[in-house]
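Reading the structure
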Amino acid sequence: MPTRRLLIAATTLALPGLATGTAMAQGRGALRIIMPFPPGQGSDILMRLLAERLQGPLGQPVIVENRPGAGGTLGMEYAANATPDGNTVVMGGSGPTTIAGSLFPRLGYDTLRDLTPIALIASVPQLFIVNNDFPVRDIQGLIARARANPGGIFYASSGNGTTQHLNVELFKTLTGTDLTHVPYRGSGPALADLVAGQVPFMSDTLAAVTDLVRSGRVRAIGVTSRERSPFFPEVPTIAEQGVAGYESVGWISLLGPRGLPDAQAARIEQAVEGVLRQPDFQARVADQAFTATFLNRTDFAAFIRSEITKWAGVVRAADVKVD
């Protein structure tokens, strides 16, 4: 649910990219960043900022090419099958990179087999939020109320199999609670019903809910990351409120196609690390409610494997079915 400022920024950044992208692509040696989501989202804005900063260190034009569809999986599949010459990479998000494989048995790529990790770039947690009339003010209060009313507490999400959905399913698994899922077609309608009191509880990204929390229209009771968010330092994590092992963050990254030579992956990884060290770039990342979070290609590969294992377990336990 982008703000007016985000949409203006997206338009400013996207239009020049579209205007010059064709000309740059016709030149030799341009690096394409496949963006598997539509223009205007926070991750798209960050990729365009990164592309601009990478051109100097890499010594070549860098363009962002949007190929949205099917929750990001179409763009990921396209990149997985690209020529591994170092001129095509893809923005990997948590959904299409580490969750989709458990949700879609006929997915056109296998992350571990068909994509080459390059670097983790930024992360963003979610907030557990409740309607102001819901008599729960912290995570232990939610657990107690859920145990007293098995299946009687409804939570909204932006759809089956989304991170908003699976974050609560992970919570249910770790706490042994029974909450009833109400899927919506997108975050906006779900948040509207939460504010109106049609549903009492949901999990959503900082970018989507910050204005609602700051204005007092909803109440934040926990953050999904391992450590407190710098954007909401007053909101305790779910883990520190007694749910041991709970951690879930969204993230964006760069991956290459299968067979990408290690030297090419290392070259891009090192350029990304240099950009992420720039204080003004970190500030621009924070403007979109993300935190600059670098992992090199070795550590990022291990992180991907652990995330795939974790979310596969959640999908199985919840018996998640995608429409």
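Look above for the structure.
Source: prediction; values computed, not measured.

1. A word on the packing of aromatic side chains
Two descriptors summarise a pair of aromatic rings, namely the distance from one centre to the other and the angle between the planes of the rings. Enumeration over the complete set of coordinates arrives at six aromatic pairs. Each ring, one from Phe-128 and one from Tyr-246, has its centre 6.1 Å from the other, and the planes form 75°; the classification is edge-to-face. Of the two residues, Phe-128 sits in strand S4 (residues 115-131) while Tyr-246 sits in the loop between strand S8 (218-223) and strand S9 (249-257), which places them 118 residues apart along the sequence. Like Phe-128, the residue Tyr-246 is buried in the burial classification. When the centroid spacing of 5.7 Å and the interplanar angle of 85° are considered together, the rings of Trp-251 and Phe-300 count as edge-to-face. Note that Trp-251 is positioned in strand S9 and Phe-300 in helix H12 (residues 297-318), a separation of 49 residues in sequence. Ring-pair connections join several aromatic residues into one group, and the members of that group are Phe-128, Tyr-155, Phe-171, Phe-201 and Tyr-246. For Arg-67, the ring lying beneath its charged end belongs to Tyr-78, and the centroid distance is 3.7 Å. In this structure, Arg-214 is placed above the aromatic ring of Phe-232, and the distance from its NZ or CZ to the ring centre is 3.9 Å.

2. What to know about the packing of helix H8 (residues 187-196) against helix H9 (residues 206-214)
Relative to each other, H8 and H9 sit at 25°, their axes nearing to 11 Å. In terms of orientation, H8 and H9 fall into the roughly parallel class. In the crossing of H8 with H9, the sense of the turn from one axis to the other is right-handed. Residues Ser-187, Leu-191 and Val-195 of H8 touch H9, and the partners they reach there are Ala-208, Val-209 and Leu-212. Considered class by class, the residues forming the contact of H8 with H9 number five nonpolar, one polar and no charged.

Procedures and definitions
Residues numbered from 1 in each chain as written. Predicted model: local features only at pLDDT ≥ 70, side-chain atom pairs only at ≥ 80, totals over all residues. Heavy atoms only, no water. Phe/Tyr/Trp six-rings, centres within 6.5 Å; stacked < 30°, edge-to-face > 60°. Helix = DSSP H or I, 4+ residues; strand = E, 2+ residues; numbered from the N terminus. Buried < 20%, exposed > 50% of the residue type's maximum accessible area, 1.4 Å probe, protein only. Lys NZ or Arg CZ within 6 Å of the ring centre and 35° of its normal. Axes fitted to C-alpha atoms, helices over the stretch in contact; angles between N-to-C directions. Parallel < 35°, antiparallel > 145°, perpendicular 65-115°, else oblique. Left-handed = near helix turned anticlockwise from the far one by under 90°. Contact = heavy atoms within 4.5 Å. Nonpolar A, V, L, I, M, F, W, Y, C, P; charged D, E, K, R; others polar.

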